[in-house]
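Survey of secondary and tertiary structure
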Amino acid sequence: MRIVALAGGIGGARFLRGLREVVGPQDEITVIGNTGDDIHLFGLKVCPDLDTVMYTLGGGIHEEQGWGRADETWSIKAEMKEYGVGPEWFGLGDRDFATHLVRSQMLTAGYTLSQVTEALCVRWKPGVRLLPMSDDRVETHVRITDQDGTRAIHFQEYWVRLHAAVAAEAIIPVGADTAKPAPGVLEAIAAADVILFPPSNPVVSIGTILAVPGIRAAVAAAAAPVVGLSPIIGGAPVRGMADKVLAAVGVEATAEAVALDYGSALLDGWLVDTADEASVAAVEAGGIACRAVPLLMTDLTATGEMARAALALAEQVRA
């Protein structure tokens, strides 16, 4: 079985860990990772979502945070602060710095982001094929209005520095309209037996991937069933502040609304949590098969069961 998953950072990575546990050794998982969160800091190219998937599946993630490296130290950050060089609000640990140094050196030498990601994965052995959505530069920006007026800021500043405390007025994936899918992305989608949308942010993770010309159309045209898992439980995001960016695109923060925003042209199946069982009928009325199952990733076993449910629903809609 050839499985393709579109994934953001923490939620996507943790789901993929469960998925990897329940598929057979002969099955292939290709992950198309969001690069809209990418940012240049201290002269380095930082790819938060790609790295979170790589570290999580490779056994190097800081489990409590869900991002960054385990057993991290912060000497470089402390020294940068002494020099008065920021930003201080974005934490890069010493071990994490090494990844960004290697990536940036390779990019400067002329390698593409796809080639660099493949090289980094040689060390981490994530057990999946990890592809960036594009080799071209795409950065998600957020339009806000505060005491400094109306302006667009990088998503990382909005999310990490401001903690989404200011209302998001618009989400702009800068560069996405002229980006091209990375090599292998469209081919993987076309050859897939199942396509999954993990419980990643539907606007700034999966939505940004789909904003790259050709990817949404490829998913919609794929012969494989497309099944998503709701990142919203009981009207609130399981993790993070997805409700803030959903509001910016006019979508209510409910499992039903997110499914209908993706639409039946894209989704064949949708899993909601048992807390949202009442929304099943409305989702199915929108032309999307829907089931209610536990969707809290409390441990690897629970996450594996979520993956099993998604694959089972894919088989049901295929039939």
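Residues numbered from 1 in each chain as written. Predicted model: local features only at pLDDT ≥ 70, side-chain atom pairs only at ≥ 80, totals over all residues. Heavy atoms only, no water.

Quick word on the nonpolar core
Nonpolar side chains tend to gather and get buried jointly when the protein is soluble and globular. Note the threshold: We define the nonpolar core as a collection of buried residues of types Ala, Val, Leu, Ile, Met, Phe, Trp, Tyr and Cys that are connected through side-chain atoms lying within 4.5 Å of one another. Only protein chains enter the accessibility calculation, which uses a 1.4 Å probe. A residue is then buried if its area is under 20% of the maximum for its type, exposed if over 50%, and partly exposed in between. We count a stretch as a helix when DSSP gives it H or I for four or more residues in a row; a strand needs E for two or more, and each element gets its number in order from the N terminus. Whether two residues are in contact is decided by their heavy atoms, any of which lying within 4.5 Å being enough.
Ranked by internal contacts, the top residues of the largest apolar core, which has 59 residues, are I189, I195, F197 and W270. Among the elements that take part in this core, helix α11 (residues 255-262) stands out by supplying five residues, more than any other. Contact partners of F197, with chain neighbours within four places excluded, come to L6, I206, L210, V219, V226, V227, G228, L229, Y262, L266 and L267. Counting residues in each nonpolar core, the second largest holds 42 residues, with F15, L130, I233 and L311 among its members.

As for the packing of aromatic side chains
As a reminder, the rule being used: For Phe, Tyr and Trp, where Trp contributes only its six-membered ring, two rings pair if their centres lie within 6.5 Å, and the inter-plane angle classes them as stacked under 30 degrees, edge-to-face over 60, or tilted in between. Counted as over-ring charges are cases with an Arg CZ or a Lys NZ within 6 Å of the ring centre that also lie within 35 degrees of the ring normal.
Under the defined criterion, the tally for this structure stands at six aromatic pairs. Measuring from ring centre to ring centre gives 5.9 Å for W89 and F90, while their planes differ by 80°; the resulting arrangement is edge-to-face. Take W89: its relative accessible area is 26%, and that puts it in the partly exposed class. Cluster of aromatic residues (ring-pair linked, three or more members): F197, Y262 and W270. Residue placement shows R69 over the ring face of Y55; its charged tip is 5.4 Å from the ring centre.

As for the sheet that holds strand β2 (residues 28-33)
To keep things clear, this is the line we draw: Two strands qualify as a pair provided that DSSP identifies no fewer than 2 bridges between them. To get an axis, a line is fitted to the C-alpha atoms, and for a helix only the part in contact is used. The angle between two axes follows their N-to-C directions and goes from 0 to 180 degrees.
In spatial order, the strands read β5-β2-β1-β9-β10-β13-β14; together these seven strands make up an open sheet with parallel pairing. A single partner strand is all that each edge strand has here, and the edge strands are β5 (129-132) and β14 (289-292). Pairwise comparison of adjacent strand axes, ignoring direction, gives a mean angle of 20° for this sheet. Where strand β10 (residues 226-229) lies against strand β13 (residues 269-272), three bridges are found, and the strand directions are parallel. Its bridge partner lying in β13, L229 is registered against L271. Running at roughly 165° to strand β1 (residues 2-7), helix α1 (residues 10-22) makes contact with β1, β2, β9 (194-197) and β10 of the sheet. Lying over the sheet, helix α2 (residues 48-58) contacts β2 and β5, oriented at roughly 175° with respect to β5.

Digging into the packing of α2 against helix α5 (residues 113-124)
Our working rule: Angle categories are assigned with fixed cut-offs, so that under 35 degrees is roughly parallel, over 145 is roughly antiparallel, 65 to 115 is roughly perpendicular, and the rest are oblique. Crossings are assigned a handedness: left-handed for a near helix turned anticlockwise from the far helix by less than a right angle, right-handed for a clockwise turn. For this classification, Asp, Glu, Lys and Arg are treated as charged, while Ala, Val, Leu, Ile, Met, Phe, Trp, Tyr, Cys and Pro are nonpolar and the rest, including Gly, are polar.
Where α2 contacts α5, the two axes come as close as 10 Å, and the packing angle between them is 20°. One way to sum up the angle between α2 and α5 is to call them roughly parallel. Here α2 runs over α5; the crossing is right-handed. From α2, L50, M54, Y55 and G58 reach across to α5, where they touch L113, T117, L120, C121 and W124. Broken down by class, the residue content of the contact of α2 with α5 amounts to seven nonpolar, two polar and no charged.

Observations concerning the environment of S205
Inspection of the secondary structure puts S205 in the loop between β9 and α8 (206-211). Residue S205 is classed as buried on the basis of its relative accessible area of 6%. Linking S205 and D49, residues 156 residues apart in sequence, is a C-alpha distance of 8.7 Å. In contact with S205, not counting residues within four places along its chain, are G8, N34, D49 and S200.

Comments concerning α1
For an α-helix, 3.6 residues make a turn, and residues three or four places apart therefore share a direction. Defined as follows: For a helix, the expected span equals 1.5 Å multiplied by the number of residues minus one.
In this model, α1 (13 residues) spans 19 Å end to end at C-alpha, consistent with the 18 Å of a helix rising 1.5 Å per residue. Of the positions making up α1, those classed as buried are I10, G12, A13, F15, L16, R17, G18, L19 and V22. For α1, the secondary structure elements touched by its buried residues are β1, β2, α2, β9, β10 and α13 (300-318).

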